[in-house]
Amino acid sequence: MADLAIAQELNPALVLGKPGYADVTRKVAGIVEGRMPRVWYIAIACTGTLTLALAAMLAYLVTTGIGVWGNNSPVGWAWDITNFVFWIGIGHAGTLISAILFLFRQRWRTSINRFAEAMTLFAVACAGIFPLFHTGRPWRAVYWLFPVPNPALHIWQNFRSPLIWDVFAVSTYATVSALFWYTGLVPDLATLRDRAKTRGRKIVLGLLSLGWRGSARHWRHYELAYLLLAGLSTPLVLSVHTIVSFDFAVSVIPGWHTTIFPPYFVAGAIFSGFAMVVTLMVIARQVFNLKQFVTMKHLENMNKVMLATGLIVGFAYATEFFIAWYSGNRYERFVFLNRAFGPYWWAYWTMVCCNVFIPQLFWLKRVRTSVPAMFVISILINVGMWFERFVIIVTSLSRDYLPSSWGYFRPTPVDMLTLAGSFGLFLTLFLLFVRFLPMISMTEVKGMIAADSAHSGDRP
Amino acid sequence: MKPLFSKSADKHLRIVVSAILLTVAAAITLSAYLFRPERADTGYQPAQPVPYSHKLHAGNLGLDCRYCHSTIEQSAYAAIPPTETCMNCHTRVKAESPQLQLVRESYATGRPIPWVHIHKLPDYVYFNHRAHLDAGVSCVTCHGRVDQMAEVRQVKPLSMAWCLECHRNPAPEIRPRELITKLDWVPDRDPAEIGRELIAKNHIHPPTNCSGCHR
Amino acid sequence: MSERNPCNPVSLPGDEFPEGASVLDATSRRTLLKLMGASLGLAGLTACSRPVENILPAAKGVEDQIPGNPLFYATAMSLGGVATGLLVEAHDGRPTKIEGNPDHPFSRGAASAFHQASVLGLYDPDRSREVMHEGQPSAWDEFAAFAKGHFSAMAAGERLRFLSQTVNSPSLEAVRAQALNRFPQAKWIEYEPISEDEALAGAELAFGRAVRPIYHFDKADAILSLDSDFLALDSQTVGYTKDFAARRRVASEKDTMNRLYIVESQFSVTGAMADHRLRMRSGDVPEFVADLARELGLLPAGLNVLNNDPRRRWLAALARDLKKNAGRSLVVAGPRQPAAVHAAAHWINQALGNAGKTVTYVETPRRPQIAALKELAAEMAAGRVETLVILGGNPAYDAPADLEFSRFVKKVAVTIHLGVERNETGVLAKWHLPEAHYLECWGDARALDGTASIQQPLIQPLYGGRTAVETLALISGHKDQRAYDIVRNCWLAQWPGAHGEKTWRKCLHDGVIPLTASPRVEAAPDAKRIAAALAARRTATGIEVNFYPSASTWDGRFANNGWLQEAPDPMTKLTWDNAALLSPATARQFGVANGEVISIAAGGREIEMPVWIQPGHADQSISLALGYGRTACGHVGHGAGHDTYALRTSAAPHVVAGASVTRTDRTYKLATTQEHHSMEGRPLVREASLDTYRKQPAFAHKPDEKTNLFQLFPRFSYDQGNQWGMAIDLNACIGCNACVLACQAENNIPIVGKEQVMRGREMHWIRLDRYYGGPEEDPRAVTQPVACQQCENAPCESVCPVAATNHSPEGLNDMAYNRCVGTRYCANNCPYKVRRFNFLDYHKDVQEVEKMAFNPDVTVRMRGVMEKCTYCVQRIQEKKIQAQAEGRRALRDGKILTACQQTCPADAIVFGNINDPQSRVTQLKKQNRDYTILTELNTRPRTSYLAKLRNPNPELA
């Protein structure tokens, strides 16, 4: 018993209260089958409204022109691309958790991966909006950006342009993570199907679960497919944001033209992604009372990851400054001094505080394990990460080579509503997800229980 | 209890799904084929306000294109002739013909004849007749055998891809300068060969960059 | 992608001159509906998705009119009573582009911003469209009938007055003589708000007769400008810029340059070019001149105000320099300076033996105008004027405020106003008559030295306007005399015999009438009178306000011209507004910042103006641009800026002393196109003194900039055929905006309006970057024209996802507008920030008639598309096709001129084939002053700059 206690101490259980398989199913499936709490309805009302606002803003944008935003010359990209990079970043945690941690056999990922993957998809969906709608003529961009043969013109895309790489990177990422997510869902959908009462439910879930019967063969194929997809998505986690960072790294603009961007962006992405997972997880855990599956250990681990990636990001900021000075390039130097002390100093210091200073609190176990604390911090981190993209994009553009062309960017209400709307869309999708799909992978949690109970002796 | 799905459900599902995918793919290819420029734009043959027959004038009577379209060698535009030009002959020939009513009116009142535009390029394309004729590109290259058309119709797609084909390989379409309006000209040897010689002689290098046609 | 290509010969003749909706009566609407029905029917018949589009060839051909080929006509435009010869390009009968007339002595191919923009004025939809009688639409016939009755009843016309702008038209003079013959008691008053009165009075004072100095800057080695912006606002002719620039251009370190001193209050374009600039209140200049005269020994030494003043040294050095260059020096007095200063200038020029060399004098019919106008106002006030005929001009807006013209004009029984627009005066007049634009009507005009040109129309009057000549003829009883006959007869009378007709045709073609310059006069200044006048001057104390013409609206007449309104002021870079310009010190003294509104009181009058801090402005002095705050000028200029005439009196029309300033707590938004004014130590405009240049001829090159440019992939070799390049001589460029306007006219560049400019979305393809260097209080200013540099390694090209911008084998950075999807990535990645994006549909409000101004050879870009300079590729293509047709493969150098190059009064811009070792551009690029900006980025720009030089006086260096 003692050694068990120590073992518990060193490696706290990932599922509390030793539930049986049935308990897991009852708990998780119950959420989907039961009525939603009132707060859910209130939430979706708000987010739904915001989503409509997004639709309205985009319609206004397309019919009137990019001029409805604050973009100008020299600041050709502003909140549009900032939001794009931000959302793509958010998308990273999901795949990282489900794929990389899976390959590394990080067992603690199980009860949060479904959740995180869903989030990935929705974030990518939000991100996808901006590259299309930031163009002056989206009705053309929508098919000229894809390599569709064009018999009337006989001209192709410019494959030297990072924006084209983006198109491929993002669409691939979206596809693979969708597949990965769905594959993981199949056994759980089957469970839901089996519990389904109404015929309609039965049929829909039946179709979705692709006739899963849980036979050994099914399980073998399933495990294999899941492993393969995990392997597939792993490089994507790194590639997507690397390529997004090329949009900037490949340019000649001081502050963009930097070799450090790929690792720096990936770290930042994971950083913000985890922050978003924590934010949402903390709420869901509270509302649907999932404390026994999403334990403090999960949360703490995620906070540790944030601390680590936060440090990487902070290091990247420092490196940028050092190189700017070390390179002896007058324009480079100016840009970084300008970031910290120019007209956009407020954005820069917001970013530094939120991304570098505040996460340091996670060194303290007390903070790391305090739900309110991590909730606030994770939100601040996302604010900081949004500002990071804003700082990189806007301050660099606003003052580049010729002082005569310097200009200051001011957002318009449309800019703001569009950003708010993208959050609306994201959260709406998320709320629908928790309403209709098991937000925790029952299959894997059951696997965990088996494993846990294995070394704690008794079978459930 | 009775199973939700029959044994064959799986099979059916696969069939249905693949069928859907196939139809979508087919639809795309088909529309791409149907609306390819060659089809979409060629064959346009609107009714003209005056039943003017190129077949009669350019073909049977053998009028040179430049008798009416007199500006092609000086200007970017192949101007439609003023009513005057028609009346040069038709004050005497068929002076009473009811078909020429509109022409006579126009000549009397000075109100133009509303000819219908057939060979139309987009506004952002700056095609220059003069340049092409100087290079020895015949009318027939773009307009076809107008001298055999009672009613003119568009026979070439006039799409960018189509233009580029020739701009990248002009030789087959280049002929001696003096033969440009001889629509029925049949070269005695390989036209490309003749073209190559002329290209070398007159230093013809058609532009293939954007500003060649777009400004 | 674009709007209807304006060049397409599709457009009903009827539509060419669209009437306002007001006249679209029931019947025409019905016909319209019928037509629409018909066309729909046709569309139905041709079972095809394509909408039916008609080609409407003219029923009768037009002589030497080949559809699609532009024609050029010589004509002339007058501004402030001085004409400049122009060549106007017409596409299918629509004038679209103004160019200088190379054969005209005061244009020599150049044209100013005002000339360039005048073509837009022709198509201004707010122009006066119909005769108005007491506010009601009327017609010329009705007016003719009225005039017949009214004027034939008139005996000697002792209660009849004519008021016109400065008359510089021989034919008008002739008709005026006729009229005054008919009405011997009538008086004719001329008035221009931008007045020459002081200069005339100065000449009167010096020589006792009305003469006008003609300057020969090309012969002057040392030039002193006394508060004269002779390169821009005070120039009256682009010819002066040509001559001046000729002496700034140096081929090598062995060449010489002229030296320019300037004494001025406001920082002018000329001041920016100066080698030595002394900022002082305009009111102090007379004292300065007196001291200069003393220094030169013209006045007895003695009471010397500048005696113990730092400026003393400056003055001494200047005086020595002028003496040293006796016969090759030149003193120029500005129109805002009092007669004494002009007289003194004449005196000094004569004393230094410059007269007859660097300055000559011609007789001028001009007489001081303000006094005459004042007299008229008095007569009107006393009710002694019964009929007032105003031929052009806008006295109700721009007459000195103390004359209360708009009040007294109501006391006149019959006022007749002829004007291109129904302006403040037209609104008050009993009869308003639409005047024909100069591009619409026959006329003639005299240039600075009297050289006459025929002004021939390029298009029928759009709105049935008539000229002053015709109106006057009508008034004096000759009913329908057409301007053509009047002008033609007026000249044929001078060329009797057979070849009169031939001469007429030749003059029409050349745009100049030979041997019409006024005779030169040798005049000796009267030293005693001048000395007395100088002694009489007392320096005014306190804050002074001085008025100067606006670089955009001139005296207000161009207020409704969008191109000019949006053209940034050469120095302040303000658009759509004027402001109270203060020196930084004075601003601190009043505790005001940019955009804060101050109230300026002087001579019992008061106006409120937003502040704009102008480094290098004289302290204790405020400069106000005239010509803003129009109330009846049309939708473009309405509400742009503040009316400063309200502060201007006949007593002090140029400089008001003893003004007082009070702060208000209000602020006003000013739109500027440049927010940062220092080069931040970046080597953009490279500058050195002539001496430095002689010591180190390669000063313009940084040692390391061309080395260690490494390129991974092999470079495309641009050594075949034509390779286009451009060289811009910063030493010649004065930053006058002519190129900006020329580019706008040539390339269909839209205007975006004040709000959009404030958002930083102006569309100019070529911009003039103006940087200040040195102390804030008294900086040097440099100007650098920047358009697309046509980089061989263009950063914009590699990042465009849809390949909408690519490189041509001739080294052009092509734009395929219709391929652009508007990601703006190219603009972000352009280090020179010369790409312009259509953030909104800037052509939305363009009316039919305005579309006639479009250049049919250039696509009109739609919203969401990127655009930029292409080295006027349409001109390149046209000339290449011509050459091919004429069997010449090699284009002659100078055959292709870009719009900016062609109009540049300083000949600072040279474009050509850099593959041709003989071409001028190659020669310039060979010079040791030649450099490219941001070379270290290895963009390999095709546009290079020739470093700027100053030629300071060694004594002051």
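Here we come to the confidence of the model for chain C. Residues and elements named next belong to chain C. Residues with a pLDDT of 70 or more make up 94% of chain C, whose mean pLDDT is 90. Taken together, the stretch residues 1–48 has pLDDT below 50 and engages in 59 contacts with residues farther than four places along the chain or on a different chain. Across the whole predicted complex the pTM is 0.91, and at the interface the ipTM reaches 0.92.

Residues and elements named next belong to chain C. Considering the arrangement of structural elements, one finds Q266 in the loop between strand 11 (259–264) and helix 8 (269–273). The class for Q266 is buried, based on a relative accessible area of 11%. With residues up to four places along the chain from it excluded, the contact list for Q266 reads R277, Y548, L581, H617 and S623.

Let's shift gears to the sheet that holds strand 25 (residues 621–625) of chain C. Residue and element names in this part refer to chain C. In spatial order, the strands read 20-25-22-24-23-26; together these 6 strands close into a barrel with mixed pairing. Going across the sheet, the axis of each strand differs from the next one's by a mean of 45°, ignoring polarity. As judged from the 5 bridges shared by strand 20 (residues 543–548) and strand 25, these two strands associate in the parallel manner. Note that in strand 25 the partner of Y548 across the bridge is A625.

Counting residues at the interface gives 60 residues for chain A and 55 residues for chain C. Of the roughly 4400 Å² buried between chain A and chain C, counting both surfaces, carbon and sulfur atoms make up 53%. When the buried area of chain A at its contact with chain C is split by residue, A:R137, A:L402 and A:S404 rank highest and sum to 16% of it. Here chain A is connected to chain C by 2 salt bridges. Of the charged contacts, one joins A:D400 and C:K833 as a salt bridge, the two residues approaching to 2.9 Å between their closest N and O atoms. Our count for the chain A to chain C interface comes out at 37 residue pairs in polar contact (both at pLDDT 80 or more). For the side of chain A that touches chain C, the secondary-structure elements that each account for two or more residues are helix 3 (38–64), helix 7 (138–144), helix 8 (162–195), helix 10 (216–249) and helix 13 (330–341) of chain A. Its residues assigned to classes, the side of chain A that touches chain C shows 31 nonpolar, 20 polar and 9 charged.

Before going further, it helps to examine the interface of chain C and chain B. Facing 50 residues of chain C, the contacting portion of chain B comprises 43 residues. For the pairing of chain C and chain B, the buried interface totals around 4000 Å² over both sides, and the portion due to carbon and sulfur atoms is 58%. Looking only at chain C, the three residues that lose the most surface to chain B are C:R50, C:I55 and C:A59, adding up to 16% of its buried area. Where chain C packs against chain B, one counts 1 salt bridge. C:E53 is the partner of B:K120 in a salt bridge, and the nearest nitrogen-oxygen pair spans 3.9 Å. Put simply, the parts of the chain that give the side of chain C that touches chain B at least two residues each are strand 1 (54–55), strand 33 (813–815) and helix 28 (873–885) of chain C. With 7 residues, helix 28 of chain C is the single largest residue contributor to the side of chain C that touches chain B. Class assignment of the residues belonging to the side of chain C that touches chain B gives a composition of 25 nonpolar, 16 polar and 9 charged. In this sheet, strand 1 of chain C lies alongside strand 1 (residues 115–116) of chain B in antiparallel orientation, the contact comprising 2 bridges. Pairing of B:V116 across the sheet is with C:N54, part of strand 1 of chain C.

The next subject is the packing of aromatic side chains. On inspection of all chains with the given rule, the structure shows 74 aromatic pairs over all chains. Ring pairing ties together the aromatic residues A:F86, A:W87, A:F115, A:F122, A:W181, A:F423, A:F426, A:F430 and A:F433, which thus form one cluster. A cation over an aromatic ring shows up here: C:R277 above the ring of C:F267, its NZ or CZ 3.9 Å from the ring centre. If you follow C:R466 out to its NZ or CZ, it ends over the ring of C:W140, 4.4 Å from the centre.

Rules behind the numbers
Here the residue index of a chain counts from 1 through its sequence in written order. Whichever chain is written first is A, and whichever ligand is written first is 1; the rest continue in order. Given that this is a predicted model, residues contribute local features only at a pLDDT of at least 70 and side-chain atom pairs are listed and counted only at 80 or more, while totals for whole chains, interfaces and linings are drawn from all residues. Remark: hydrogens and water are excluded; side-chain values derive from all non-hydrogen atoms of the structure. For every residue, the predictor reports its confidence as pLDDT, a number between 0 and 100. Two residues qualify as a contact provided that any one of their heavy atoms is within 4.5 Å of a heavy atom in the partner residue. Only DSSP runs of H or I covering at least 4 residues are called helices, and only runs of E covering at least 2 are called strands; the numbering of each starts at the N terminus. For each residue, the accessible area found with a 1.4 Å probe, counting protein chains only, is set against the maximum for its type, and the residue is called buried under 20%, exposed over 50%, and partly exposed in between. Should DSSP find at least two bridges between two strands, the strands are regarded as paired. To define axes, lines are fitted to C-alpha atoms, for helices over the stretch in contact only, and angles between the resulting N-to-C directions are given on a 0 to 180 degree scale. The term buried area denotes the loss of accessible surface (1.4 Å probe radius) that occurs when two parts are joined, taken as the sum for both partners. Each salt bridge in this description consists of a side-chain nitrogen of Lys or Arg and a carboxyl oxygen of Asp or Glu lying within 4 Å of one another. Residues adjacent in sequence count toward polar contacts only when both atoms are side-chain atoms; beyond that, a polar contact is any pair of N or O atoms within 3.5 Å, and within protein one must be able to donate a hydrogen and the other to accept it. Note on residue classes: Ala, Val, Leu, Ile, Met, Phe, Trp, Tyr, Cys and Pro are nonpolar, Asp, Glu, Lys and Arg are charged, and everything else, Gly too, is polar. By convention, a stacked pair of Phe, Tyr or Trp rings (six-membered ring in the case of Trp) has centres within 6.5 Å and planes under 30 degrees apart, an edge-to-face pair has planes over 60 apart, and any other such pair is tilted. Put simply, a charge is over a ring when the Lys NZ or the Arg CZ is close to the ring centre, within 6 Å, and near the line of the ring normal, within 35 degrees.

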